[in-house]
Amino acid sequence: MKVRRRRNSSLDDNSGATQDRPPLLKLVAKDNLRDYKSGQRGTEECLKLSWNHIPGRNCWPAVVIAAGLLLAGVIGLFHAWCVYSIHENLLWFSHLKEVEREISFRTECGLYYSYYKQMLKAPSIQQGLYELIHDNTTESKRTINILQRMNIYQEVFLSILYRVLPIQTYLEPIYFYIYTVFALQTVYVIALFITSWLLSDSWLAGALSGVWYILNRVDTTRVEFTISLRENWSIPFFALQVAAITCYLRPQLKPIHQRVVLWLVFVSTFCFCLTWQFNQFVLLVQALIIFTLDCLDFFTAEQVVSLYLMQVLSLLLVWLLQFCNSMILGSLVLSFIVSALFIKHFQTGLKTGGFAIRVGKLALHTVLVLTLTFTINYSAKKILQLKSDEHIFKFIKAKFGFGATRDFDASLYLCEEAFGLLPLDTFERLAGTVLLYPYLCTLSVLFILLLLVALSNLSLNGSGQASGEREDRTFRMRPDVAYNLLHTVFFGLLAFSTMRMKYLWTGHMCAFAAFGVCGKEVWSLYLRVLRCNTKTMMRLIRYSVPIVILAFLYYKFWPRLMEEISELREFYDPDTVELMEWIR
């Protein structure tokens, strides 16, 4: 017969004490330990509770948000007023005759405005839409569907809005048109403000990005003299979409907030696609960014699929509104997204294994996606007999030296200065407003950090054993920061290759540089190197540096900006006016 001896936990070592205790004693020990810890933190918790119960303390975040949004609106409206004043003083627009105002819309700008004017002159909205769908005046001896061939839904929407609203008595149609375009510039600045604010958690970054955008107006927008261009309608929606994606990728965002932000992503993407014919190429660059961050394990599978679906749904809705335009179905971005989702669904275990195995899997994954993309795209164009966008690919092929082309449209693009390389004097102007230097510092530091975090993510086996380590490493490069970093890199390369596309890059460049100045990511690395990374020092730098930069910009550029706004010129083109009168 064996007799079990009771061990004295007070005499034995600590390794066996807890195992021999009955469950009741374990509970008592846990309660005592909790009371002990609570006693240590008692003073701290009391102070926190006392601070949280101060009257008005809970309203402070709402006050900060309201103040930030108000400042964003003020800066956006100021920019809209600046471009309107420059446009007015450049042409003396309010003193021109109607025919002179209309011929001030040069090249295709006048064509787009003519459809707005045609809708207003139609006896009814239905009759105006019918004339656009059965247009026989744009192309000689041909009847075409303008809504299918061109992105003019903005003109249609504005003409309907002008008819419905009671504003005909005190606002002329042409002013309603240009005021709307200038108002979209307000939306653009607010979107940049919000993007930098979300990245840095400081609305000082938003103010700095807005000021930089206004001072670099030569390189960020050309709305004051090309009002009707499609990019002036679409890029504000694209900036709003980037702000929504940045908000969607923020860590610890609640599910209900994610759904609301996803709807905003969809609406802004749809408006962007509906208002510009180059939407498919811009979305292709964005899809490549999402694909890259998915391969490097910065995004979750839910985030990747959601962002892809927002792009696909927007394109398909535009396809329906443009009377089943086959060019959208044959777009490269649609083929790429379908291929990426298909391969991702069937290629399981992509993020498992060691570093070498994962790199090999990702290389195979990329090859499969690209192969399937070109296969689907080639098949779709053959089935749909689509040749309308071939000149663009011929232009790209000839531009990068892969062979000459005899295509007229492609050769015309090659002759245009706007489709050439980005001039070097652009960087001199950006450096003159102190934008280029913080941008390059932020870009270089965060790009190196992105590479290190990507290598760290690929080194993990993906089995969940190192989840805590994964969270720590991902936090050092948040998904929203990683997205905006690759966004500025990819669209920067696009701007370098094609000068006209710089307007997709320079606006976001202002927001990204402001984030670098006011955010914690870059400064924390610098302060760690200097061994003075304290909360006080971080707070001092984050608030003092942007204020100093804003003061310097105000001192140096405010008189110059006011002088530019007050400069008076006059529109004078008597030959064209005489020609238009003769045609009438």
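Residues numbered from 1 in each chain as written. Predicted model: local features only at pLDDT ≥ 70, side-chain atom pairs only at ≥ 80, totals over all residues. Heavy atoms only, no water.

- The chain is annotated in an unreviewed UniProt entry as C-mannosyltransferase DPY19L3 of Labeo rohita.
- The record held by UniProt for the chain lists under Subcellular location (unreviewed entry) the comment "Membrane".
- For the chain, the Sequence similarities (unreviewed entry) comment in UniProt is given as "Belongs to the dpy-19 family." (UniProt positions renumbered as here; feature names shortened; annotations may be inferred.)

## Re the overall build of the chain
- Of the regular secondary structure elements, the chain holds 29 helices and zero strands.
- Looking at the chain alone, contacts between residues at least 24 apart form 74% of all its contacts between residues at least 6 apart.
- Taken as a whole, the chain presents about 31300 Å² of accessible surface, with 65% of it coming from carbon and sulfur. (Helix = DSSP H or I, 4+ residues; strand = E, 2+ residues; numbered from the N terminus. Contact = heavy atoms within 4.5 Å. Areas by Shrake-Rupley, 256 points an atom, 1.4 Å probe, with all protein chains shown as cover.)

## Observations regarding the pattern of salt bridges
- Applying the stated criterion across every chain yields a total of 17 salt bridges.
- Residue Arg149 is joined to Glu139 by a salt bridge in which the shortest nitrogen-to-oxygen separation is 2.6 Å. With Arg149 in helix H8 (residues 146-149) and Glu139 in the loop between helix H7 (125-133) and H8, this pair connects stretches of sequence that are 10 residues apart.
- Where Asp219 meets Arg429, a salt bridge forms, and the shortest distance between an N and an O atom there is 2.6 Å. Taken together, the positions of Asp219 in helix H12 (residues 217-220) and Arg429 in helix H22 (residues 425-432) put the pair 210 residues apart, joining distant regions of the chain.
- The class of Asp219 is buried, set by a relative accessible area of 1%.
- For Arg429, a relative accessible area of 31% gives the class partly exposed. (Salt bridge = Lys/Arg side-chain N within 4 Å of Asp/Glu carboxyl O. Buried < 20%, exposed > 50% of the residue type's maximum accessible area, 1.4 Å probe, protein only.)

## Thoughts on the packing of aromatic side chains
- Considering all chains together, one arrives at 30 aromatic pairs under this definition.
- Summarising the aromatic geometry, the rings of Tyr84 and Phe182 are spaced 6.1 Å apart at their centres and angled 70° between planes, so their arrangement reads as edge-to-face. Highlighted residues: Tyr84 in helix H4 (residues 60-91) and Phe182 in helix H10 (residues 173-200), separated in sequence by 98 residues.
- Take Phe182: its relative accessible area is 3%, and that puts it in the buried class.
- Between Tyr439 and Phe512, the ring centres sit 6.0 Å apart and the planes meet at 70°, which makes this aromatic pair edge-to-face. One end of the pair, Tyr439, is in helix H23 (residues 436-459); the other, Phe512, is in helix H26 (residues 503-518), with 73 residues separating them in the sequence.
- A relative accessible area of 0% places Phe512 in the buried class.
- Three or more aromatic residues link up through ring pairs in this structure, and these residues are Phe238, Phe272, Trp276, Phe278, Phe281 and Phe491.
- Across the ring face of Phe93, the terminal group of Arg101 is positioned such that the distance to the ring centre comes to 5.7 Å.
- Against the face of Tyr543 rests Arg542, its NZ or CZ located 5.9 Å from the ring centre. (Phe/Tyr/Trp six-rings, centres within 6.5 Å; stacked < 30°, edge-to-face > 60°. Lys NZ or Arg CZ within 6 Å of the ring centre and 35° of its normal.)

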